[in-house]
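# Observations on chain architecture
Residues per chain are reported as follows:
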Amino acid sequence: MRRLCRLLTCDRARRIARAVAAISLATLALPLSGKAQQRDPLAGLEAYVTKGMQDWKIPGLAVAIVKNDSVIYARGFGVRTLGRPEKVDENTIFAIASDTKSFTGVVLAMLADEAKIRWDAPVTTYLPWFRLADDYLTRELTVRDLLTHRSGLARGDLLWTGGMPYSRQELLRRVRHLKPSWSMRSRYGYSNLMYVAAGEVAATVERKPWDDIVRERIFVPVGMNSTNTSVSNLASLQNVATPHADVDSAVRVVNYTDTDNIASAGAINSSVADMAKWIRFQLDSARVGGKRLVSKRNFVETHSAQTAMRLDSAYRAFNPFTHVRSYAFGWNVLDYRGREMLSHAGNLSGMAAIVGLLPKEKLGIVVLSNLEGNALRESLMYKVFDRFLGAPERDWSRVALVERASFDSIEAKNLREKTARRVAGTKASLPLARYARAYVDSLYGRAEVRLENGHLVLALAPKQIGDLDHWHFDTFKVTWRDHRDGWNLVTFALNTEGSVDMLRADIGGLPEEWPVMKRLPDPTAAQSANRQ
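Quick look at the overall build of the protein chain now. Summing up its helical and strand segments, the protein chain has 18 helices and 22 strands in all. Its C-alpha radius of gyration of 26 Å places the protein chain within 12% of the 24 Å reference for a compact globule of 532 residues. Here the C-alpha coordinates of the protein chain stretch approximately 95 × 55 × 50 Å along the principal axes. Expressed as a percentage of the 532 residues in the protein chain, the buried residues total 51%. Counted over contacts in the protein chain with a minimum sequence separation of 6, partners at least 24 positions apart contribute 62%. Accessible surface for the protein chain amounts to roughly 24300 Å². Of this, 51% is attributable to carbon and sulfur atoms. The distance from the centre of the 74 positive side-chain charges to the centre of the 57 negative ones in the protein chain is 5 Å.

Turning next to the confidence of the model for the protein chain. One rule of thumb: low pLDDT means the predicted coordinates there are not for detailed reading. In the predicted model, the protein chain carries a mean pLDDT of 91, and 91% of its residues have values of at least 70. In the predicted structure, residues 1-37 sits below a pLDDT of 50 and forms 20 contacts with residues beyond four places in sequence or in another chain. Residue range residues 525-532 is modelled with pLDDT below 50. Its contacts to residues more than four positions away, or to other chains, number zero contacts.

Turning our eyes to something else, we now look at the packing of helix H4 (residues 45-56) against helix H16 (residues 376-389). At their nearest, the axes of H4 and H16 sit 11 Å apart, and the two run at 160 degrees to each other. The angle between the axes of H4 and H16 places the two elements in the roughly antiparallel class. Note that H4 runs across H16; the crossing there is right-handed. Contact residues: Leu45, Tyr48, Val49, Gly52, Met53 and Trp56 in H4; Leu376, Leu380, Lys383 and Val384 in H16.

In this section: the sheet that holds strand E2 (residues 70-78). Across the sheet, which stays open at both edges, the eight strands sit in the order E2-E1-E14-E13-E12-E11-E10-E9 with antiparallel pairing between neighbours. Two strands bound the open sheet, and with one partner strand each, they are E2 and strand E9 (307-308). Two elements, strand E13 (residues 351-358) and strand E14 (residues 363-369), share seven bridges in a ladder whose sense is antiparallel. From the neighbouring strand, Val355 faces E14, where its bridge partner is Val366. Lying over the sheet, H16 contacts strand E1 (60-67), E2, strand E11 (332-336), strand E12 (339-348), E13 and E14, oriented at roughly 20 degrees with respect to E13.

Turning our eyes to something else, we now look at unusual backbone geometry. The phi dihedral of Ala286 is positive, around 70 degrees, even though this residue is not glycine. Of note in this structure, Asn453 is not a glycine but carries a positive phi near 50 degrees. Checked against the element boundaries, Asn453 lands in the loop between strand E16 (445-452) and strand E17 (455-461).

Okay, the pattern of salt bridges next. Taken as a whole and judged by the stated rule, the model has 37 salt bridges. In this structure, Glu114 engages Arg217 in a salt bridge whose closest nitrogen and oxygen atoms are separated by 2.9 Å. Pair noted here: Glu114 is in the loop between helix H5 (101-113) and helix H6 (135-140) and Arg217 is in helix H11 (residues 210-222), with a separation of 103 residues, a long-range link. The network of salt bridges with shared partners includes Arg446, Glu448, Arg450, Glu452, Asp467 and Arg481.

Here we take up the packing of aromatic side chains. Scanning the entire structure with this criterion turns up 19 aromatic pairs. Geometrically, the ring pair formed by Phe103 and Phe219 is edge-to-face, given 6.0 Å between the ring centres and 75 degrees between the ring planes. Of the two residues, Phe103 sits in helix H5 while Phe219 sits in helix H11, which places them 116 residues apart along the sequence. Accessibility classification places Phe103 together with Phe219 in one group, the buried group. Put simply, the rings of Phe103, Phe219, Trp278, Phe281 and Phe299 touch in pairs and so form one group of aromatic residues.

Parameters and conventions
- Residues numbered from 1 in each chain as written.
- Predicted model: local features only at pLDDT ≥ 70, side-chain atom pairs only at ≥ 80, totals over all residues.
- Heavy atoms only, no water.
- Helix = DSSP H or I, 4+ residues; strand = E, 2+ residues; numbered from the N terminus.
- Rg over C-alpha atoms; globule rule 2.2 N^0.38 Å.
- Buried < 20%, exposed > 50% of the residue type's maximum accessible area, 1.4 Å probe, protein only.
- Contact = heavy atoms within 4.5 Å.
- Areas by Shrake-Rupley, 256 points an atom, 1.4 Å probe, with all protein chains shown as cover.
- Lys, Arg positive; Asp, Glu negative; His and termini not counted.
- Charge placed at Lys NZ, Arg CZ, Asp CG, Glu CD.
- pLDDT = per-residue confidence, 0-100.
- Axes fitted to C-alpha atoms, helices over the stretch in contact; angles between N-to-C directions.
- Parallel < 35°, antiparallel > 145°, perpendicular 65-115°, else oblique.
- Left-handed = near helix turned anticlockwise from the far one by under 90°.
- Pairing = 2+ DSSP bridges.
- Salt bridge = Lys/Arg side-chain N within 4 Å of Asp/Glu carboxyl O.
- Phe/Tyr/Trp six-rings, centres within 6.5 Å; stacked < 30°, edge-to-face > 60°.

The following block contains the structure:
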């Protein structure tokens, strides 16, 4: 603008700049192809879904599409359970997993409207007992920080995936033992536990469980009559999808994950018919039948970019049409072919989901499936968006399959390199029975190493049990009995007396959350000492 002002009057320069901006925006709003504009955006979609399900080996999947406040497509494909005849339809219940987070964001927006919470108030304002590993973090962490993955903490998900019987309050009490991985607000770091804290903030100010709040304030007014927040509700329902996973190169039924203790982070179970109502609510600026449930100001806050997210080479290879990406309150906010896009994926054992919105186009899609780890959900979202934008055809599913093969090759290479670092010809310092002890970690709790039939077994958590084989020195390879978890290395450390003092396992996303467990005193030794 300054350079233009040197050549023209400033007023004229500003008029030209505004005109250029208007032309640019108008150009972005135009279809990418006049010929594509005349194409039925849903033509061939069912064949694409069917082919994708075959390629990804997905037993069952459901899709719903919303355009201009109307549900224009809702259909199920495949079966609820592999080997059984019951079909998936638009009312089949799936776990939506982390797509729950956007509901928690709206719940807190409602409470902000009522001045019951403030986005930038310290969490301890509402949870006075809440503590983190550092006094500064405890004092400064805000409600906004909980919702935007910028606490600086690693995930610590073994706290709930391992099957430990910890309540929501106990999970949060243990967070004080999770060491920060980064400085607060310095970078994006996904945290389910911080969303648990956000749910407990709501529960505290409302004096009722998060589950009741989300049902009364969202499910009922939005009309999501088949949606619930607990795996315990599923047994009484007729139309429910069964989770599946690729186990030992075959798709098999697996157990539902009990997410009751992290409900506000990922416990909602729903159908695409109900989720289409949620999409309409989102696209209509938090209104239902013209009635606003959240103020415009606070609803916009839930969609506003808060924490920058890194776009790595793998993400760019899959999606070259996105250049910036950030996190709002339960949403990824990004550009897609020049449009604003909001999306979020959900992942649980045996389930994969995604919700995507193009707000300016009044377009949204939800895909729910009963096979973990599949990228057909993203592929379908982008395929539908491309169709409605008139973009050139792109086989997103094929691109994703190529990317998965690349990831598998990288993982295999990493495992080969890890194996190559093994030192041959070594042996453990002690007889196996000397390693068989109880151990405890302040974050994760109690674990046991047992001697069974001449070999060691590690019970790190009720659902995290594996067999130990000597690797080198005092390091053992643990092969998990749930083969989806692969294997890890466990190292025992000895004290100056030559006894086992602690164990450390390379489990978790970052070293900061690896269990480092101190050996508990031998009860028999303690009893002997007491007698003396």
